[in-house]
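Residue strings, one per chain:
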Amino acid sequence: MKRGLDRIMPIQVDFYNASQILTPGAGYLGEYDYSLNPYVGCSFGCSYCYAAFFAPPEQQASWGDWVRVKQNAALKLSRIRRSLAGKTIYLSSATDPYQPIERRLQLTRSLLPILAEKGAHLVVQTRSPLVTRDIDLLQRFDRACVNFSITTDSEAVRRAFEPRNPPIQDRLQAAREIAEAGIPVAITMTPLLPVVDVVAFAERVSEAGARRFVIDRFAETSGHFRAGTGETAQCLAEQFGWSGDRFREAVELLTTALAPNIRAGEAGFSPSYLLSSPAPR
């Protein structure tokens, strides 16, 4: 990979050598042994993304317009001497490992064989159909799960909150392909955005072949180390009339429709919940 600045896409791209590649699980992901972020920043640039608050203050306003690439990620991972056998790894906590730049760089793809060979247990978090490209590698894991972020049933809502994201139907189709390949799938409705028809939405996500479902509200800021949902998303929610009562009503209906395989908040992201059964060989 190339060092320095590049314009691979209409975003600023910076290649650099990271000092480490695995981060011990903490906070919301405290049950994981490690999180792994191949990139810093995310060009999907969702309006509600909490990860923007972990960027330097001067870069928070331009979240979505820049990405830093850990060009030595595969080398760092391959040189780890401690055993990763049975260790749970969350890919990724502060970026989407299958954001558009991955199509060309294939950085995430380069990490999967190493993790599989080391015996790690993997949870992939993405909103990108590009993950279907790596079905062959995901099938190498004894335990793996792909979490698809599908936050609404409305394209109008998607375009308002997450305009750079793939269409809803494309994500549902990709989830179905992953599930049909024998890789467990979870649908993460996190945060749950305004939903037009809750019952029909429950049917759509259940038909995607998911084994697990996760639901959550906007992230709330607490203290100095818990980033929350930005003001832009909060204002959009008000414009769509997404009140606390409407949210709670939607959660109740979804919970009933998707029981018993749905969890709320942190419990839904537990590796023991997502990786409770091995992927079929």
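Calculation rules
Residues numbered from 1 in each chain as written. Predicted model: local features only at pLDDT ≥ 70, side-chain atom pairs only at ≥ 80, totals over all residues. Heavy atoms only, no water. Salt bridge = Lys/Arg side-chain N within 4 Å of Asp/Glu carboxyl O. Helix = DSSP H or I, 4+ residues; strand = E, 2+ residues; numbered from the N terminus. Buried < 20%, exposed > 50% of the residue type's maximum accessible area, 1.4 Å probe, protein only. Axes fitted to C-alpha atoms, helices over the stretch in contact; angles between N-to-C directions. Parallel < 35°, antiparallel > 145°, perpendicular 65-115°, else oblique. Left-handed = near helix turned anticlockwise from the far one by under 90°. Contact = heavy atoms within 4.5 Å. Nonpolar A, V, L, I, M, F, W, Y, C, P; charged D, E, K, R; others polar. Arc of directions from axis to C-beta. Pairing = 2+ DSSP bridges. Core = buried A, V, L, I, M, F, W, Y, C linked by side-chain atoms within 4.5 Å.

**Quick word on the pattern of salt bridges**
Here is step 1 of the chain: Under the defined criterion, the tally for this structure stands at 11 salt bridges.
Here is step 2 of the chain: Glu102 is the partner of Arg133 in a salt bridge, and the nearest nitrogen-oxygen pair spans 2.7 Å. With Arg133 in the loop between β8 (121-126) and α5 (135-138) and Glu102 in helix α3 (residues 101-105), this residue pair connects regions lying 31 residues apart in the sequence.
Here is step 3 of the chain: By relative accessible area, Arg133 is classed as partly exposed at 25%.
Here is step 4 of the chain: Given the relative accessible area of 0%, Glu102 is considered buried.
Here is step 5 of the chain: We note a salt bridge from Arg158 to Glu155, for which the minimum N-O separation is 2.7 Å. With Arg158 and Glu155 both in helix α6 (residues 155-161), this residue pair falls 3 residues apart, about one helical turn.
Here is step 6 of the chain: Using a relative accessible area of 7% as the deciding quantity, one classes Arg158 as buried.
Here is step 7 of the chain: For Glu155, a relative accessible area of 25% gives the class partly exposed.
Here is step 8 of the chain: Taken together, the shared-partner salt bridges connect Glu102, Arg109, Arg133, Asp134 and Asp136 into one network.

**Some details on the packing of helix α8 (residues 198-206) against helix α10 (residues 244-258)**
When two helices pack together, their arrangement is captured by the angle between the axes and the distance separating the axes.
Here is step 1 of the chain: The interhelical angle for the contact between α8 and α10, taken along N-to-C directions, is 40 degrees, at an axis separation of 9 Å. The angle between α8 and α10 falls in the class oblique. In terms of crossing hand, the pair formed by α8 and α10 is right-handed. Packed against α8, whose contacting residues are Val198, Phe201, Ala202, Val205 and Ser206, the element α10 presents Ala250, Leu253, Leu254, Ala257 and Leu258 at the interface.
Here is step 2 of the chain: Partitioning the contact of α8 with α10 into residue classes produces 9 nonpolar, 1 polar and no charged.

**What to know about helix α9 (residues 231-239)**
Here is step 1 of the chain: Of all the positions in α9, only Ala233, Leu236 and Ala237 are classed as buried. For α9, the arc enclosing every buried residue in end-on projection is 100 degrees, short of the 170-degree limit, so these residues lie on one face. In α9, the exposed positions that point more than 90 degrees away from the buried face belong to Glu231, Glu238 and Gln239.
Here is step 2 of the chain: Of the surrounding secondary structure, the elements contacted by the buried residues of α9 are α6.
Here is step 3 of the chain: Trailing α9 by a residue or two, Gly241 shows a phi angle of about 70 degrees, which is positive.

**Considerations on the sheet that holds strand β9 (residues 144-149)**
Here is step 1 of the chain: The sheet built from 8 strands is open, its strands ordered β3-β4-β7-β8-β9-β10-β11-β12 with mixed pairing. Sheet topology places β3 (22-24) and β12 (262-264) at the edges, where each strand pairs with a single neighbour. Strand-to-strand twist of the sheet, defined as the mean angle between neighbouring strand axes without regard to direction, takes the value 25 degrees.
Here is step 2 of the chain: Contacting β4 (34-36), β7 (88-91) and β8, helix α4 (residues 107-117) runs over the sheet at an angle of about 175 degrees to β7.

**Focus: the environment of Pro57**
Here is step 1 of the chain: Within the secondary structure layout, Pro57 lies in helix α1 (residues 57-60).
Here is step 2 of the chain: In the structure, Pro57 is positioned 207 residues away from Ala264 in sequence and 31 Å away in space, judged by C-alpha atoms.

**Here we look at the nonpolar core**
Here is step 1 of the chain: Residues Leu77, Leu122, Phe148, Ile187, Met189 and Leu192 are the most contacted members of the largest nonpolar core, which totals 81 residues.
Here is step 2 of the chain: The element best represented in this core is α4, accounting for 6 residues.
Here is step 3 of the chain: The contacts of Leu192, once residues within four sequence positions are left out, are Thr151, Phe201, Ile215, Asp216, Trp242, Phe247, Ala250, Val251 and Leu254.
Here is step 4 of the chain: Residues Leu29, Tyr90, Ala186 and Val214 belong to the second largest nonpolar core, which totals 11 residues.

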